[in-house]
Amino acid sequence: MELTFSKKAQDYLSRLVVPEQLKTYITDTLAGALKDFSYQSPESALALPFDGVYQEKVKTILKEKIAVVPQYIFFLGMGGSSLGARALYEHWTVDWFSQSLANGPQIIFFDNLDQNKLSSFDGWLDAKVTKPEEVLLLVSTKSGTTSETLAMGNILFGALTRRFGAAEAANQTVVITEEGSPLWQEARNKKITSQSVPHAVSGRFSVFSPSNMTPFIAADWGVVHEEMSRAKNISESFLSTDVEKNSALAHALVVHQALLDGNVRYEHFFCHTSFLYTGKWCMQLVAESLGKKKEGVPYPSVFINSTDMHSLLQENIEGPQNFYTLFTASRGKVPLTIGETLVSGALSQKSPVDLLEASARAAQEVYESLDRPFATLTLDALDGLGGF
């Protein structure tokens, strides 16, 4: 993973000094949180990838619950209770046409009150599922009171009960919530398995908690361990107060200075459509973390190359010059064989990756000419989100 800055952003960084209060926060609070497996503070979310005990606990609960890996996993949650999981799933989905993992189950997300999707569930269940063990219903809400999640849970649980009976429906359901929450109590009354989540860890920081990892552990999806390893490998660098060694610190300082300089829009430019839900997670992270004040808060947006290239790039070039951009690129390329071509000429020799890289470079060149502040984060491979 490599972070580089535009001339304008580099100029910001060269003039900035890390405040002593921020240094203390890094060396004391963040360093301590990295080893806080009792999860006493919001920052202890940093410890989640290192917590083998927690991960084994989830595995044990699921092993007692399901004898075989289900064919379909329904994951219900809003915002932080599901965005991290969906970002990983959408990024790693192997079969784009069936939206399933390679040699694994299909994970179906219910993260909004889509009436068409919800109303068709009964018919889908009758057509696709013959035995209760083919499905697993996961209901994730940290507070146990999120109305949208509970409403969707009622509909899906009711459909499972109608089809297989109350006992089987309960047996194929797991709720993921705080211990003692209203949903926790309801689950106990119905003999439904519950998985607890740390009280102090906010939903938007819970990517590596049971809130988001449970569906992948249930799917026996080994990629999760790779992503956790990537997260662990890069975590130590964030304890440095040297901007040359700590890319997260350097970027935070630049974003802050860009905001002070009047750049109220914080744009995430991703190189591939598989990053769409990663972008949505970034929007939530910025908006919920910084949107509690009425002034001085960046407005987050997501830009997918090349879907949004012609519209948003045009606006940025000719519209208000009040944005900061983080380009996220990748060194990895997906193999693609080009056979008989539709058109001849130079374009016939260009792969989609070549075109995406060219369009991103063109955008960066234009931004440089406009003296816009931006950074480029280059991932080691297209399949690495843990470090991000």
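The shown structure was predicted, so the numbers you read here are calculated from the model rather than taken from an experiment.

Examining the overall build of the chain
On a plain count of helices and strands, the chain comes out with 15 helices and 10 strands. Going through the 388 residues of the chain one by one, you find that 48% of them count as buried. Within the chain, contacts between residues separated by at least 24 positions form 74% of all contacts whose residues are at least 6 apart in sequence. Of the roughly 19200 Å² of accessible surface on the chain, 54% is carried by carbon and sulfur atoms.

Topic: the environment of Y39
For Y39, the location among the structural elements is in the loop between α2 (20-33) and α3 (52-65). The class of Y39 is buried, set by a relative accessible area of 7%. If we ignore the near neighbours within four places in the chain, the residues touching Y39 are S44, A47, L48, D51, Y54, P198, A200 and V201. At 2.6 Å, the side chain of Y39 and the side chain of D51 are in polar contact.

A closer look at the pattern of salt bridges
For the structure on display, the rule yields 13 salt bridges. Here K23 and E20 are joined by a salt bridge, their closest N and O atoms 3.4 Å apart. Of the two residues, K23 and E20 both sit in helix α2, 3 residues apart, roughly one turn of that helix. Residue classification places K23 among the partly exposed positions, given a relative accessible area of 27%. The class of E20 is exposed, set by a relative accessible area of 56%. One salt bridge connects R204 with E288, and the closest N-O pair in it is separated by 3.4 Å. With a gap of 84 residues between them, R204 in the loop between β6 (193-196) and α10 (210-218) and E288 in helix α13 (residues 276-290) connect regions that are remote in the sequence. Judged by its relative accessible area of 13%, R204 is buried. Each member of the salt-bridge network shares a partner with another, and the members are D122, D126, R162 and R163.

Observations regarding the sheet that holds strand β3 (residues 106-110)
If you walk across this open sheet you meet the 5 strands as β3-β2-β4-β5-β6, and the pairing is parallel. Unpaired on one side and paired on the other, β3 and β6 mark the two borders of the sheet. Here the average twist between neighbouring strands, direction ignored, is 20°. Across 5 bridges, strand β2 (residues 72-76) lies against strand β4 (residues 135-140) in parallel orientation.

Considerations on the packing of aromatic side chains
A ring pair, where both rings are aromatic, is described by two values, the distance of the centres and the angle of the planes. Applying the stated rule across the entire model yields 19 aromatic pairs. Through a chain of ring-to-ring contacts, the aromatic side chains of F269, F303, F323, F327, Y367 and F374 assemble into a single cluster. Above the plane of the ring of F110 lies K117, whose end atom (NZ or CZ) is 4.6 Å from the centre. When the ring centre of Y277 is taken as reference, the NZ or CZ atom of K280 above it lies at 5.6 Å.

Cut-off values and rules
Residues numbered from 1 in each chain as written. Predicted model: local features only at pLDDT ≥ 70, side-chain atom pairs only at ≥ 80, totals over all residues. Heavy atoms only, no water. Helix = DSSP H or I, 4+ residues; strand = E, 2+ residues; numbered from the N terminus. Buried < 20%, exposed > 50% of the residue type's maximum accessible area, 1.4 Å probe, protein only. Contact = heavy atoms within 4.5 Å. Areas by Shrake-Rupley, 256 points an atom, 1.4 Å probe, with all protein chains shown as cover. Polar contact = N/O pair within 3.5 Å; in protein donor to acceptor, adjacent residues only side chain to side chain. Salt bridge = Lys/Arg side-chain N within 4 Å of Asp/Glu carboxyl O. Pairing = 2+ DSSP bridges. Axes fitted to C-alpha atoms, helices over the stretch in contact; angles between N-to-C directions. Phe/Tyr/Trp six-rings, centres within 6.5 Å; stacked < 30°, edge-to-face > 60°. Lys NZ or Arg CZ within 6 Å of the ring centre and 35° of its normal.

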